[in-house]
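# Structure assessment
Residue strings, one per chain:
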Amino acid sequence: LEFRRVLFRSREFLVQRLAQLDDGKCMKSAAKVAINSIKGPCASLDFVNTAIDVMAEIEPSVYRKMLSCLVTFDRYDEQSLIAQPVCLIAGSHDSNVPVKTMSKMRDKMPKASLTVIEGAGHLVHSEMPAATNKVLVNFLDKIESMQKWD
């Protein structure tokens, strides 16, 4: 049953993300829909416009292949094998990889931490770079201090 749910969500995801192209529209149209569906409420207009412009430059065939890889790539069962410290960062408004999913990922990895950045969406690192950088610096400082005691 779970496999069927995942398969359905994957097909639904592909249909939503490819609708603009399948309707004969250009990548810019697809980019507008995609970026606006994954950004958080705190994303600046400048960020949104830049992200749309960047995504609009992707060749449609490459975009289709990338999306296909996204829904078929699965390393869930191998996450518990990661022994290194891992810094997971999630946007509170990420609907692609929700906090609940990121929490499950964190729970599978013995040395993982998860920080949720409020107001960010799926592109948390670009939407809220200062907050993301702070999390990363704190994580690296923690790793460095742990290594001094080894």
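Above this note sits the structure.
In short, a report on the structure. (Residues numbered from 1 in each chain as written. Predicted model: local features only at pLDDT ≥ 70, side-chain atom pairs only at ≥ 80, totals over all residues. Heavy atoms only, no water.)

For strand β1 (residues 86-91), the tally of buried residues reaches five of six residues, placing the bulk of the element in the interior. When β1 meets strand β2 (residues 112-117), the two strands line up parallel, connected through six bridges. Following the sheet pairing, Leu88 is matched in β2 by Leu114. In the classification by handedness, the crossover that spans β1, the intervening helix α5 (residues 99-108) and the parallel β2 is right-handed. (Buried < 20%, exposed > 50% of the residue type's maximum accessible area, 1.4 Å probe, protein only. Helix = DSSP H or I, 4+ residues; strand = E, 2+ residues; numbered from the N terminus. Pairing = 2+ DSSP bridges. Right-handed = clockwise from strand over helix to strand, strands pointing away.)

Now for helix α2 (residues 27-38). Given a rise of 1.5 Å per residue, twelve residues ought to cover 16 Å, and the 16 Å separating the end C-alpha atoms of α2 matches this to within 8%. Of the residues making up α2, those classed as buried are Met27, Ala30, Ala31, Ala34, Ile35 and Ile38. Buried residues of α2, seen end-on, are gathered within an arc of 120° and therefore sit on one face of the element. (Expected span 1.5 Å × (residues − 1). Arc of directions from axis to C-beta.)

Take the side chain of Asp94 next. Residue placement: Asp94 occurs in the loop between β1 and α5. Summary of buried charges: Asp94 has no salt-bridge partner, and the nearest side chain of opposite charge, Arg17, is 7.5 Å away. Within the structure, the side chain of Asp94 is placed 2.8 Å from the side chain of His122, a separation counted as a polar contact. Among residues more than four places away in sequence, those in contact with Asp94 are Ala120, Gly121 and His122. (Lys, Arg positive; Asp, Glu negative; His and termini not counted. Salt bridge = Lys/Arg side-chain N within 4 Å of Asp/Glu carboxyl O. Polar contact = N/O pair within 3.5 Å; in protein donor to acceptor, adjacent residues only side chain to side chain. Contact = heavy atoms within 4.5 Å.)

Taking 1.5 Å of rise per residue, twelve residues should cover 16 Å, and helix α3 (residues 45-56) covers 16 Å from first to last C-alpha, within 8% of that figure. Considered for burial, the residues of α3 that qualify are Phe47, Val48, Ala51, Ile52, Met55 and Ala56. Projected down its long axis, α3 shows its buried positions confined to an angular sector of 160°, all on one face. Exposed and oriented more than 90 degrees from the buried face of α3 are Asp46 and Val54.

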